[in-house]
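# Working through the structure, step by step
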Amino acid sequence: AQPGDLLVMRREGEDPTIGGIGHVGRIERIGETTITSVDGNHNNVVARVVRSLEHDDIIGHIRYPRVDDVSALAKGAVAAGLDRAARESLDKFQF
């Protein structure tokens, strides 16, 4: 994971990788033992949240595509920045 990626977490004890409710936050920084994310709905507000890297609700991350050449994106060269395995993983999530 790296800053800018989406941090994927369980919500209400459910696992979004098998159809349960999930939550995401944008990763801001990763320390030796913690990860900081900006979450859009943390206790009903936008908040910067620091979690232990060992937190039980953390499932993984989704690489957020970075495109420096917009024309390449328009031509489909980047294909939304997701490879087949990533797309298949996303299909499991309920948004």
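Note that the structure is a prediction, hence the values are computed from the model and not measured. Per-chain numbering applies: the sequence of each chain, read as written, is numbered from 1 onward. In keeping with the predicted nature of the model, local features appear solely for residues at pLDDT of at least 70, side-chain atom pairs appear and are counted solely at 80 or more, and the whole-chain, interface and lining totals rest on all residues. Working from all heavy atoms in the structure, the side-chain values ignore hydrogens and water.

## Some points on the pairing of strand S1 (residues 6–10)
- Criterion used throughout: strands pair if DSSP finds at least two bridges between them. Starting at the N terminus, helices and strands are each numbered in turn, a helix being any DSSP run of H or I of at least four residues and a strand any DSSP run of E of at least two. By the bridge criterion, five bridges tie S1 to strand S2 (residues 22–30) in an arrangement that is antiparallel. Across the sheet, Met 9 pairs through a bridge with His 23, a residue of S2.
- The pairing of S1 with strand S5 (residues 58–62) spans four bridges and is classified as antiparallel. Paired with Val 8 across the strands is Gly 60, a residue of S5.

## With respect to the confidence of the model for the protein chain
- For the protein chain, the mean per-residue pLDDT works out to 79, and 68% of the residues sit at or above 70.
- Mean pLDDT values over the elements of the protein chain span from 50, in helix H1 (residues 70–74), up to 94, in strand S4 (residues 45–52). Predictor confidence is given residue by residue as pLDDT, running from a minimum of 0 to a maximum of 100.

## Let's talk about the pattern of salt bridges
- Whenever a carboxyl oxygen of Asp or Glu lies within 4 Å of a side-chain nitrogen of Lys or Arg, that contact is scored as a salt bridge. All told, the structure shown has five salt bridges when counted by the stated rule.
- Here Arg 63 ties to Asp 5 by a salt bridge, and the two come within 2.9 Å at their closest N and O atoms. On the criterion of sequence distance, the pair formed by Arg 63 in the loop between S5 and H1 and Asp 5 in the segment before S1 is long-range, its members being 58 residues apart.
- Residue burial is assigned from relative accessible area. The probe radius is 1.4 Å, only protein chains are included, and a residue is buried under 20% of its type maximum, exposed over 50%, and partly exposed in between. Judged by relative accessible area, Arg 63 falls into the partly exposed class, the value being 39%.

## Here we look at the environment of Arg 10
- You can see Arg 10 is positioned in strand S1.
- We classify Arg 10 as partly exposed; its relative accessible area is 29%.
- Considering only alpha carbons, one finds Arg 10 and Ile 59, 49 residues apart in sequence, at a separation of 6.8 Å.

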